[in-house]
Amino acid sequence: MPSIDLTGKVAVVTGSGRGLGLAYAHALAAVGASVVINDIDEAVAEQAVKSVTEAGGRAVAEVVAVGTAQAADRLVARAVDTFGRLDILVTNAGILRDKVLWKMTDEDFDAVITTHLRGTFTCARAAAVRLREQGEGGTLILVGSPAGQRGNFGQTNYAAAKAGIAAMARTWSMELGRAGITVNAIVPVAATAMTETIPAFAPYVEAVRRGEPFPDFLRKGEGFGTPEDCAALVPFLASDAARGVTGQAIGIGGDKLALWSHPQEVRTAYADGGWTPDTLADAWTGSVGAEPQTVGIPAPKLPEA
């Protein structure tokens, strides 16, 4: 397989001032793409641009909170006005407002949905319009989460948004296929501000800060590592090597790469003439519901102290 080369390509990465987004920006720039860095903090965005350019890449900043159509248009315009085109969009921007259902406010819910779900929609729509006008194909990479695949305690808003993002990737892969635009969701797992608060991971994240590597049982068994461990998936999906990859949800973290299944029927039963409550009860316990699906992100399997 030829080496990945994105020379001449232009990418917008939302929420790329730090963490996973910055790792994606660096990975794209390292293989030749020009990158629009996005953050809501101007100082953070400019520092991110500096880190990319000092590493030999090309980058500019657009400071705006994603969510609105106006913000999406600004990001696409920044790419086109600065670098002449757009080829790749990575929708990474996100926030958390975690609370259990009975304590979650409308504001908690709306803030997360606006940034993650609506922000992905508005940015992807603006990018799709531009990519179709250019007529040369392109790449949309939507950032999901294990919470969106399996649910997670205290994350009604976040899990709902990330599940919707995976569904949008499947839908848009069909709608944009004829234009040569691939659309995939990625499901990264890494030590970031969003995950380092998990008590089980905290001592290992702290050890990494001291310069120690993540142990193999985390990197392989849990697929948990650094943001940089997740970054290679983005330039791969944006490259010619992945032109046939679309509509997928792809997990990455540590040393682990995974393909997530789409929701599908796992067991079925039939009743001539339709169902009654009594026949449903019999079928559920005896066949269809005999092995119910699990929910939630499995607890990490850590070695005993």
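Below is a summary of the structure that appears in this document. (Residues numbered from 1 in each chain as written. Predicted model: local features only at pLDDT ≥ 70, side-chain atom pairs only at ≥ 80, totals over all residues. Heavy atoms only, no water.)

To continue, consider the nonpolar core. Of all hydrophobic cores here, the largest spans 35 residues; its most connected members are Tyr24, Leu28, Ile37, Val90 and Ile186. A per-element tally of this core places helix α1 (residues 19–30) first, with eight residues. Look past the residues within four positions of Leu28 in its chain and what remains in contact with it is Leu6, Ala11, Val13, Ala33, Val35, Ile88, Val90, Val234 and Pro235. If you look at the next biggest cluster of nonpolar residues, it comprises 33 residues, including Val10, Leu86, Ala169 and Trp172. (Core = buried A, V, L, I, M, F, W, Y, C linked by side-chain atoms within 4.5 Å. Buried < 20%, exposed > 50% of the residue type's maximum accessible area, 1.4 Å probe, protein only. Helix = DSSP H or I, 4+ residues; strand = E, 2+ residues; numbered from the N terminus. Contact = heavy atoms within 4.5 Å.)

Another point: the environment of Ala55. With respect to the helices, strands and loops of the structure, Ala55 is situated in the loop between α2 (42–54) and β3 (58–63). When the C-alpha atoms of Ala55 and Ala30 are compared, they prove to be 8.0 Å apart, with 25 residues separating the residues in sequence.

On to the pattern of salt bridges. The tally for this structure, following the rule as stated, stands at twelve salt bridges. Between Arg78 and Glu62 there is a salt bridge, with the nearest N and O atoms lying 3.5 Å from each other. Of this pair, Arg78 sits in helix α3 (residues 69–83) while Glu62 sits in strand β3, and the two are 16 residues apart along the sequence. We classify Arg78 as partly exposed; its relative accessible area is 29%. One salt bridge in this structure joins Glu136 and Arg85, with 2.9 Å as the shortest N-O distance. Here the residue Glu136 occupies a position in the loop between α4 (106–134) and β5 (138–143), and Arg85 occupies one in the loop between α3 and β4 (88–91), the gap between them amounting to 51 residues. Taking the relative accessible area as the measure of exposure, Glu136 reaches 54% and is therefore exposed. Residue classification places Arg85 among the buried residues on the basis of a relative accessible area of 18%. (Salt bridge = Lys/Arg side-chain N within 4 Å of Asp/Glu carboxyl O.)

So, about the pairing of strand β6 (residues 181–188). Extensive coverage of β6 is indicated by the burial of eight of its eight residues. Neither face of β6 is open: one carries Ile181, Val183, Ala185 and Val187, the other Thr182, Asn184, Ile186 and Pro188, and all of them are buried. As paired strands, β5 and β6 are joined by six bridges and run parallel to one another. Across the sheet, the residue bridging to Ile141 is Asn184, located in β6. Judged from the four bridges that link them, β6 and strand β7 (residues 249–253) form a sheet pairing that is parallel. Bridge pairing in β7 places Ala185 opposite Ala249. (Pairing = 2+ DSSP bridges.)

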